[in-house]
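Okay, here's what each chain looks like letter by letter:
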Amino acid sequence: MKFTIPALATAVALTAMPAFSAELVLSIGSRGYGPAVDRNLARYEDMNPDVSIEWNKVSDVPGETRKLYVTSLTAKSPTPDIFAVDVIWAGEFAQRGWLEPLNGLLDEETIDAFNPSLLAASTVDDKVHALPLYADGIHFFYRSDLLEKYDLDVPKTWQDVVAASNTITEGEANPQFYGFVSMWAKIEGLFMNWLAFANGNGGGFYDADGAVAVNSQANIEATQFMVDLLHEERLAPDSILNARPDDARTLFQQGRAAFLMVQDFVHAPLSAENSPVAGKFDFTRVPYFEGHEDANSTTMGGWFLGINPNSENKQAAADFLADFTAKEQQLQAAVEDNRAPTIPSVYEDEAMSGNETLAKFGKNYDFGVVRPSAGSGSKYPRVSEIMQLEITNALHQQKTVEEALNDAQSQLETLLAD
Amino acid sequence: MKTRPRFGLYALVILSVVISFLPIIWLILTSLKTTEGIYAWPPQYLPQPFTLKNYINIFTNSPELLLYVVNSFIVALGCTVLALSFGGMAGYALSRLGMRRAGVLMVLILAVSMFPPVSLLPSLFQNFLSLGLLNTYAGLIIAHTGLFLPFTVWMLASYFATLPAEIEEAARMDGMGVFRIFWSIVIPLSWPGFVATGLIVFIFSWNEFPLALVLMTQNAMRTAPVGISLYPGEYAFPWETISTATVLAIVPILVITAIFQKQIVGGLTAGAGK
Amino acid sequence: MTSITSPLDRRRHLTGIAFITPTMLVIIAILVYPILQSIMLSFGQSSIDGSEPYQFVGLKHYAALAQSERFWNSLWVTLLFTGLSIPLELAMGIGLAVLMNEHFKFKGIARLAVLFPWALPTALNTLMWRWMYNTDYGLFNAAALQSGLVDRPINWLGDETLAMGSMVVVAVWKTSSFMALIILAGLQSIPRDLYEAGRMDGMTRWQEFRVITLPLLKGPILVALIVRSMDALRTFELPFNLTDGGPVTATESLSLYAYKVIFDFIEFNYGAAIVVVQFLVIFAMSLLYILTLRNKD
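The rules behind these values
Residues numbered from 1 in each chain as written. Chains lettered and ligands numbered in written order. Predicted model: local features only at pLDDT ≥ 70, side-chain atom pairs only at ≥ 80, totals over all residues. Heavy atoms only, no water. Helix = DSSP H or I, 4+ residues; strand = E, 2+ residues; numbered from the N terminus. Buried < 20%, exposed > 50% of the residue type's maximum accessible area, 1.4 Å probe, protein only. Areas by Shrake-Rupley, 256 points an atom, 1.4 Å probe, with all protein chains shown as cover. Lys, Arg positive; Asp, Glu negative; His and termini not counted. Charge placed at Lys NZ, Arg CZ, Asp CG, Glu CD. Phe/Tyr/Trp six-rings, centres within 6.5 Å; stacked < 30°, edge-to-face > 60°. Patch = residues over 30% accessible without salt bridge, like charges linked within 9 Å, V, L, I, M, F, W, Y side chains within 5 Å. Salt bridge = Lys/Arg side-chain N within 4 Å of Asp/Glu carboxyl O. pLDDT = per-residue confidence, 0-100. Contact = heavy atoms within 4.5 Å. Core = buried A, V, L, I, M, F, W, Y, C linked by side-chain atoms within 4.5 Å. Pairing = 2+ DSSP bridges. Buried area = accessible area lost by both parts, 1.4 Å probe. Polar contact = N/O pair within 3.5 Å; in protein donor to acceptor, adjacent residues only side chain to side chain. Nonpolar A, V, L, I, M, F, W, Y, C, P; charged D, E, K, R; others polar.

Visitor: Provide a residue-level description of the overall build of chain C, including the pertinent values.
Guide: Each helix and strand counted, chain C has 12 helices and two strands in total. Start at the N end of chain C and walk to the C end: the helices and strands fall as α-β-β-α-α-α-α-α-α-α-α-α-α-α. Principal axes of the C-alpha set define a box for chain C whose edges measure 75 × 75 × 30 Å. Here chain C holds 297 residues, and the buried ones make up 58% of them. Surface exposure of chain C reaches about 12700 Å², of which carbon and sulfur atoms provide 68%. Side chains of chain C carry 21 positive and 21 negative charges; the gap between the two charge centres is 11 Å.

Structure (structure tokens):
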């Protein structure tokens, strides 16, 4: 009898306990990393039965999801606990206090495993605020069959590209065939393209001392080349100034372009069975200008995962985060879904040796350049807007290249003054 | 008794129908094409081959689309019922009961509807969060009702205004209360107005996007337009899936439109002329 | 105006208030309160990470707006778009409604078809048009090239003048049916005997239209005009999905600019000021309508 009451009490207490010690909500899109999320959620819940994770699917289109995050983070909503952010948002959100610093929640070893230049994008005040999940970048796709037909080498410099393009278009003599297509609408992708050209000429957003110098001579030349590509050499269709990435991909897929400069997502649809150019294309690093062979001309993008500072389950969220971005998971995502890993040691694993495409992407990332989002923090959206607007002005020939870049420079100096 | 040839009339009608239908026909044709067909150059006008693969894929890969359509239906129906009831009463009171400062109130109601909904997002979300109304049918229904009430009030008021006053006067003389007059006389007489307004509000609610996006974040509670916005990838825009999903999402609207068409056609013509 | 002294009148008055109350409550909760919050925001400044409390800065943002070239551009774009699309929509809407009011075979289907454009969600609708307008592989250029109408693809969305025109076409296509629906219901309420009397007096169809139909349609037309103008002045999904506000900023409407400021730059205060100004423009235009159409009595 003496034990019955305590036993009963314990039994009651045990059954009254909540089923889960932590219920987490993860917000991430399903088009970008979906299969990996499916795999990892099930696995993690099996290993940690006291944690339940709800996958809140959001749009993969950054603009759509940003609307959602801005609204809920401003209102300090406790969910989602973990959410995916575009690389260019990481620094901005960190500065606004919208991403919980991870150094206290994760051990150093975990954090140090990641690619340092990617990690820099989410580091503010020496604290890391989000972990990179997967990366992508801009590559240069070409029609290998046409290069063969006209006995051309794979172009390395932009001058090579112009020459090759002219040969091919003259040879094909098809008014609906274009030499070069890309996504030059007034979008973020345009800034990324510009960075590729600028860096390819030894220029860039910052100068050697780290000061903003968008109107440097190297940049002016590179931008002028972009303008000439459109209006002098006429390599590209008029619609390039209206094109989003998928529009450019469609043209190339229809067999109507020799060269395509977009992110790696196009590889899958272009090589699909029903693609008219399957087996007829390949890709290389984005070209550079004469004399700048080691230019970092692969503009990078990617997605990070962070923790909501209003979350009520920060430690549980951090544990999940560490597991989700761990080396094993990234390796699997690389091998099965072709997602570029963000932990350098993954590339050395022997399981990766079979995946030639990813290895090739990875080699291009060695020449990677990131946008100045970490440096400008919460002002990055305005920085990007200024650049997009002025570059577009130059491309539409509303301003000369010098005018446009000088205007951009003065606006940027005013903006970033404090 | 028209002796003029009806040729011109029919020609105009056919032209209007074709132009109105064109993009929708294009959407339906797209959903019936294979991927190669969709991106083919020169463009394929008719599907060759014709395929139902896209529809099958949607049902097998994204059965949640049906759930989203049901959610949209619930929200739109709730919003329409509330808007017509509240709006009908308010519209009647402000246009026919001779109340003081009715005009001022009407203008105020109109004025507050002039703010772009997108700018209301942050504060609405915050308020709903604290009230626990996020991810509830009631929450989104009330939000939509608020959005569309001004329109409803004005529309119905304008229909009420076309009714001749004598009938109501007569009923008042007979000692009928306001509510009875409204219910048994005014509503039946202005029925086409109610149907037209209700249809419009239903479609407004169905297609509404920004509020539905932020107020219903749980997967199970999403509405159709928000659900469809999940199909595009970060860069890719799969027309196969999206055109199919859109066709499926608008089927309920088409059905409802078809049903109520008969009403508007003039089953019960308003107007005291009868 | 009846006075409210008799008990019957007082009961009417109270019933009237009861009739209005539910509407007012919902509107205050959903619209008025957030609007007041927006107005407050427009006069203040909040810190980036929300740590510092709201600071009153008076008209600072409005002054900044007045000097912003981009703001004036977006205002102009919005007014131009509205000025071009509304008259066209109204004319087509009235035309369609009159057409659909006639008696002919397949009337049901015709009316359904005419309603269709408007029932599609705007974003999807616009993306479809964007695809058809595509310079290189869109339906329009393909048909135009194949039929020999043009020898070079037309840059529908990339040319500064054409872009606005293309946008107006989509808007008119979509909302003529909306106008038609509202006006059709109004047409249905016009008693047939008025037309018969007119015919006996020897009126032509046009005279019938001008003397009988139009005046009785004034109410629905006014509502349709105001609602559509409000929508046109707030147009967002259309330029967002069709042109990204391009080329450069040739189709960037006020709402698009406000959206950028609020959700891209995350500057709630400045964005609130844009929204308030937008509201004032809409309000002014509505007043204009009401006064003009009232005087025509």
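Text resumes after the structure shown.
Visitor: Any chance you could break down the packing of aromatic side chains for me, citing the residues and the numbers?
Guide: Residue and element names in this part refer to chain C. Enumeration over the complete set of coordinates arrives at 61 aromatic pairs over all chains. With a centroid separation of 6.4 Å and an interplanar angle of 40 degrees, the aromatic rings of Phe43 and Phe56 are classed as tilted. Of this pair, Phe43 sits in the loop between α1 (7-42) and β1 (44-45) while Phe56 sits in strand β2 (residues 55-56), and the two are 13 residues apart along the sequence. Residue classification places Phe43 among the partly exposed residues on the basis of a relative accessible area of 27%. Judged by its relative accessible area of 64%, Phe56 is exposed. Seen in terms of ring centroids, Phe236 and Tyr259 are 4.8 Å apart; in terms of plane orientation they differ by 45 degrees. Their pairing is tilted. Here the residue Phe236 occupies a position in the loop between α9 (205-233) and α10 (237-242), and Tyr259 occupies one in helix α11 (residues 254-264), the gap between them amounting to 23 residues.

Visitor: Residues and numbers for a nonpolar patch on the surface, please.
Guide: All names here are of chain B. A cluster of nonpolar side chains, Ile14, Leu15, Val18 and Ile19, forms an exposed patch at the surface whose accessible area comes to about 380 Å². Structurally, the position occupied by Ile19 is in helix α1 (residues 7-31). Judged by relative accessible area, Ile19 falls into the partly exposed class, the value being 47%.

Visitor: Describe the confidence of the model for chain B, listing the residues and the values that go with them.
Guide: Residues and elements named next belong to chain B. For chain B, the mean per-residue pLDDT works out to 84, and 93% of the residues sit at or above 70. Within chain B, helix α13 (residues 239-267) has the poorest average pLDDT of any element, 75, and helix α4 (residues 64-96) the best, 93. Segment residues 265-274 is flagged for pLDDT under 50; beyond a separation of four residues in sequence, or across chains, it makes 18 contacts in the model.

Visitor: Residues and numbers for the environment of Arg234 of chain A, please.
Guide: The topology assignment puts Arg234 of chain A in the loop between α10 (217-231) and α11 (245-253). Note on Arg234 of chain A: relative accessible area 48%, which makes it partly exposed. When neighbours within four sequence positions are excluded, Arg234 of chain A is seen to be in contact with Asp228 and Leu229 of chain A together with Arg152 of chain C.

Visitor: Got a sec to walk through a negative patch on the surface? Specific residues and values, please.
Guide: Residues and elements named next belong to chain A. Taken together, the side chains of Asp151, Asp153, Asp160, Glu290, Glu293 and Asp294 present a region of like negative charge at the surface. With respect to the helices and strands, the residue Asp153 is situated in the loop between α7 (144-149) and α8 (158-172). For Asp153, a relative accessible area of 68% puts it in the exposed group.

Visitor: So, the nonpolar core: which residues are in play, and what are the values?
Guide: Formed by 331 residues in total, the largest nonpolar core has its most connected members in Trp158, Phe180, Trp184 and Trp194 of chain A. At 16 residues, the largest contribution of residues to this core is made by helix α7 (residues 160-188) of chain C. In contact with Trp194 of chain A, not counting residues within four places along its chain, are Gly204, Val214, Asn219, Thr223, Met226, Met387, Ile391 and Leu405 of chain A.

Visitor: So what about the pairing of strand β7 (residues 178-182) of chain A? Which residues, and what values?
Guide: Remember that side chains alternate between the two faces of the sheet whenever the strand is regular. All names here are of chain A. A large share of β7 lies buried, amounting to five of its five residues. Here β7 pairs with strand β8 (residues 257-263) via four bridges, running parallel. Its bridge partner being in β8, Phe180 is matched across the sheet by Phe259.

Visitor: Just give me the short version of the interface of chain B and chain C, but keep the residues and values in it.
Guide: Of the residues lining the interface, 97 residues belong to chain B; the matching set on chain C comes to 86 residues. Regarding the contact of chain B and chain C, the summed buried area is about 8500 Å², with carbon and sulfur atoms giving 79% of it. Here chain B and chain C share zero salt bridges between them. Linking chain B with chain C are seven residue pairs in polar contact (both at pLDDT 80 or more). Sorting the residues of the side of chain B that touches chain C by element identifies α1, α4, α5 (102-112), α6 (117-131), α7 (137-161), α9 (178-189), α10 (191-207) and α13 of chain B as the ones contributing at least two each. Of the residues forming the side of chain B that touches chain C, the biggest block, 14 residues, is contributed by α1 of chain B. When grouped by side-chain class, the residues that make up the side of chain B that touches chain C number 71 nonpolar, 20 polar and six charged.

Visitor: Describe unusual backbone geometry, with residues and values.
Guide: Residue Trp41 of chain B is joined to Pro42 of chain B through a cis peptide bond whose omega torsion reads 0 degrees. Tracing the sequence through the fold places Pro42 of chain B in the loop between α2 (35-38) and α3 (53-61). Gln48 of chain B connects to Pro49 of chain B through a cis peptide bond whose omega is 5 degrees. The phi dihedral of Asp126 of chain A falls on the positive side, at around 65 degrees, and the residue is not glycine. Relative to the helices and strands, Asp126 of chain A resides in the loop between β4 (123-124) and β5 (127-128).

Visitor: Got a sec to walk through the pattern of salt bridges? Specific residues and values, please.
Guide: Under the definition given, this model contains 28 salt bridges over all chains. Across the pair Arg382 of chain A and Glu267 of chain C runs a salt bridge, and its minimum N-O distance is 2.8 Å. With Arg382 of chain A in helix α17 (residues 380-395) and Glu267 of chain C in the loop between α11 and α12 (268-295), this residue pair bridges two chains. Residue classification places Arg382 of chain A among the partly exposed positions, given a relative accessible area of 24%. Lys260 of chain C serves as the salt-bridge partner of Glu385 of chain A, at 3.0 Å between the closest nitrogen and oxygen. Pair noted here: Glu385 of chain A is in helix α17 and Lys260 of chain C is in helix α11, and the two residues belong to different chains. Linked by salt bridges that have partners in common, Arg66, Glu92, Lys186 and Glu385 of chain A together with Arg70, Glu252, Lys260 and Asp264 of chain C make up one network.

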